[in-house]
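Here is what each chain is made of, one letter per residue.
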Amino acid sequence: MVDRSTGGLSRRDVLRGGAGIVVSMTAFGLLGSGAMAQEQTFKIIHPSFDMNWSPYRGGGAALRWHSLWWASPMYFDDKGQVQPYVFTSWEPNADWTQWTFKLDPKAVFSDGSPITPADVKGSWEMGSMPLTASQRVPLVLAGVVGYDELSAGNGTELPGVVIVDDATIQVTLKAPDPIFYMRLANHLVPISKVSQSRGADGNQNPDWYMPEGGVISSGPFKLVAMNLDEGTVAWEPNENFFGPKVKLSRIELRVIEDSVAATALLKSGEAHAHTALVTPTIVDDLGVEFSQGTEIPNGQHFYFNSKTAPFDDVNVRKALILAVDRKEMMRASFPKGPHKMAEQILVGVKGVDPDWVPYPYDPEAAKAALAASKYGSPDKLPRIIFAGIIAPAEQAAAQFAIEQWRQNLGITAIELKPTLDNFQPADVHIVRDDAGSRVPDATEFLHTAIHSSSSVAKNKMNGYSNPEVDRLLDEAAPLPVDDPRRDELAREAQRIFREDYQLLPWYIEAMSRWALANVKGMEKNLDWQVFAPWNIEIT
């Protein structure tokens, strides 16, 4: 189930033998040449052929490397503390409806020109426009006055963003938001030179971020090569970077989709890091340090489609949750870590419920629930489609759950689909995906996961809605972060959600380094970013 073969060789054969050498000759040959001799050439393996590296995409695997070449307003460090970057200070008014930000006077782009309030305002407006198709811009700017109109295609400006002077920008919100400054502390809508990135109609210029157009960036590294068909990207130090001096001399990224080949390259030391290597044997293959990391506000789960049969029946959902021994599922998928079994959605924030009652493993109760459903028996259930199963560890967990449902409930008609491309909620009954927050706050976390307005509720649970859950989270949102009621209301909302049996919990995510032990400075934050990429070095 886990140890898949590759071209007649088992996973172990590949890792033990010389196949890694053969793979490495093709994988890094193009990028090697003179750069191979450089001690500080950092080599990354990327798992997918991303054809869109725009910093305004707001998602995809490429997002995980945006901190290399783009500056953000602020950023979270690995302790969950907001640190200044382009913005050096942030100040709310008395009711948190208006925020004033000061820019670092030393902040410049890679061409040496200053980063101005107009670049910030223009970057936010461009990121909000519908043709940008950002996957996560609402997480950052949805509360700003004018965002709704702009994101709907009406206009090109955000009236809620005002340039006060050459070093100050002011933001007016639609409603009080005590944590608005935290929403900006990420690379979801980074700052670009809008005279290059933005066209006369307000939208992104085509391929402006490619090297052929002489892309001007704002982070510690600048792009020097990009061949998306071959899956290669390279960066070198930005000599005009306004932050600390960088330690690497070059960064080279190469796409290798096969996790076995990627592991072989890493094991041989011919690559240093991976974007996201999710395998059950990662600790045995590459050591504890490769994947270790701090717990972040994010978890992976299996969500149920609450609007499509048979999961529109709460007893079916209950039966499938209680029928799975989740401890054993965890052992099947990550036997030695780095992740831990999840019990509740909330993780990595101070609002985690200390009195949470986990779903038990109870096959008899599961059988009773299925019998009490409108279907009554497993043979009456429609065929179940289970999607989002791509990585080896995901396959291991999904196959374990399916076997438990067969053994404990007699359910056999289940089809696994690997991809979420063209995903239509109505066509899928169970989907694997994450739930989390880029802001370390329990109310915000649950708002992005179980509130009826959230993407997870709409798209992963096909329109899940519980008015009482919404009411509690809406009541908590305007409260100050130091008001104990804020976390209490969030916990109450999560307990109500528990009784709706909407997901099979899987694991709490550790923000893995995914880098060899001799790579230093790879600490990441809750935004999946290496928060201080200038510190990366090979020792």
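Summarised in this report is the structure supplied together with it. What you see is a predicted model; the values in this text were computed from it and never measured. Think of each chain on its own: its residues are numbered from 1, step by step along the sequence as written. This being a predicted model, a pLDDT of at least 70 is required before a residue's local features are given, and a value of 80 or more before pairs of side-chain atoms are given or counted; all residues contribute to the totals for chains, interfaces and linings. The side-chain quantities take in all heavy atoms of the structure and omit both hydrogens and water.

Describing unusual backbone geometry
In step 1: Between A309 and the following residue, P310, the backbone shows a cis peptide bond with an omega angle of 5°.
In step 2: Numbering of helices and strands starts at the N terminus; helices are DSSP runs of H or I of at least 4 residues and strands are runs of E of at least 2. Secondary-structure assignment places P310 in the loop between β12 (295-304) and α11 (314-322).
In step 3: The backbone of N462 shows a phi angle near 55°, a positive value even though the residue is not glycine.
In step 4: In this structure, W528 takes a positive phi of about 65° despite not being glycine.

A look at the pairing of strand β8 (residues 221-227)
In step 1: Sheet analysis places β8 next to strand β9 (residues 232-237), joined by six bridges and oriented antiparallel. Each residue of the ladder has a partner; that of M226, found in β9, is V233.
In step 2: Taking the residues between adjacent antiparallel strands as the criterion, β8 and β9 are bridged by four residues, where G231 takes a positive phi near 75°. In this analysis, strands are considered paired if DSSP registers two or more bridges between them.

Quick notes on the packing of aromatic side chains
In step 1: The pairing test for Phe, Tyr and Trp rings, Trp by its six-membered ring, is centres within 6.5 Å, and the orientation test on the planes gives stacked under 30 degrees, edge-to-face over 60, and tilted for anything in between. The tally for this structure, following the rule as stated, stands at 30 aromatic pairs.
In step 2: Summarising the aromatic geometry, the rings of Y85 and F241 are spaced 6.4 Å apart at their centres and angled 85° between planes, so their arrangement reads as edge-to-face. Of this pair, Y85 sits in the loop between β3 (82-84) and β4 (87-92) while F241 sits in the loop between β9 and β10 (250-255), placing them 156 residues apart in sequence.
In step 3: Each ring, one from F302 and one from W506, has its centre 5.2 Å from the other, and the planes form 25°; the classification is stacked. Within this pair, whereas F302 is found in strand β12, its partner W506 is found in strand β17 (residues 503-510), the two being separated by 204 residues in sequence.
In step 4: Through a chain of ring-to-ring contacts, the aromatic side chains of W53, Y56, W69, W70, W208, Y209 and W235 assemble into a single cluster.

What about the side chain of S72?
In step 1: Along the chain, S72 falls in the loop between β1 (41-46) and β2 (74-76).
In step 2: Under this definition, polar contacts are N or O atom pairs within 3.5 Å; protein pairs additionally need one hydrogen-donor-capable and one acceptor-capable atom, and for neighbouring residues in sequence, both atoms have to be side-chain atoms. Separated by 2.7 Å, the side chain of S72 and the backbone oxygen of M74 make a polar contact.
In step 3: For this analysis, residues touch if any pair of their heavy atoms sits within 4.5 Å. When sequence neighbours within four positions are dropped, the list of residues in contact with S72 reads Y85, V86, N186, H187 and I191.

A closer look at the environment of H429
In step 1: Structurally, the position occupied by H429 is in the loop between β15 (414-417) and β16 (430-436).
In step 2: In this structure, the C-alpha to C-alpha distance between H429 and A118, residues 311 residues apart in sequence, is 46 Å.
In step 3: Apart from the residues within four sequence positions on either side, H429 is in contact with Y303, F304, N305, T308, A309, P310, F311, R383, I384 and I385.
In step 4: From its side chain, H429 meets the backbone nitrogen of I385 in a polar contact 2.8 Å long.

Observations concerning the sheet that holds β8
Consider a sheet: its strands pair through backbone hydrogen bonds, and that pairing is either parallel or antiparallel.
In step 1: Spatially, β8-β9-β10-β1-β11 is the arrangement adopted by the five strands of the open sheet, whose pairing is mixed. Every other strand in the sheet has two partners, leaving β8 and β11 (273-274) as the edge strands with one partner each.

Notes on the packing of helix α17 (residues 467-476) against helix α18 (residues 484-498)
In step 1: Comment: axis = line fitted to C-alpha atoms, over the contacting stretch for helices; angle = value between 0 and 180 degrees taken between N-to-C directions. Two elements in contact, α17 and α18, have axes separated by 8 Å at closest approach and are oriented at 170°. Between α17 and α18, the angle is such that the two are roughly antiparallel. Viewed along their axes, α17 and α18 form a crossing whose handedness is left-handed. Taken together, the residues of α18 that come into contact with α17 (itself represented by E468, V469, L472, L473, E475 and A476) are R485, R486, L489, A490, E492, A493, I496 and F497.
In step 2: The nonpolar class holds Ala, Val, Leu, Ile, Met, Phe, Trp, Tyr, Cys and Pro. Asp, Glu, Lys and Arg form the charged class, and all remaining residues, Gly among them, are polar. Split by residue class, the contact of α17 with α18 holds nine nonpolar, no polar and five charged. Our angle categories are set so that under 35 degrees counts as roughly parallel, over 145 as roughly antiparallel, 65 to 115 as roughly perpendicular, and the remainder as oblique. Each crossing gets its hand from how the near helix is turned against the far one by less than a right angle, where anticlockwise is left-handed and clockwise is right-handed.

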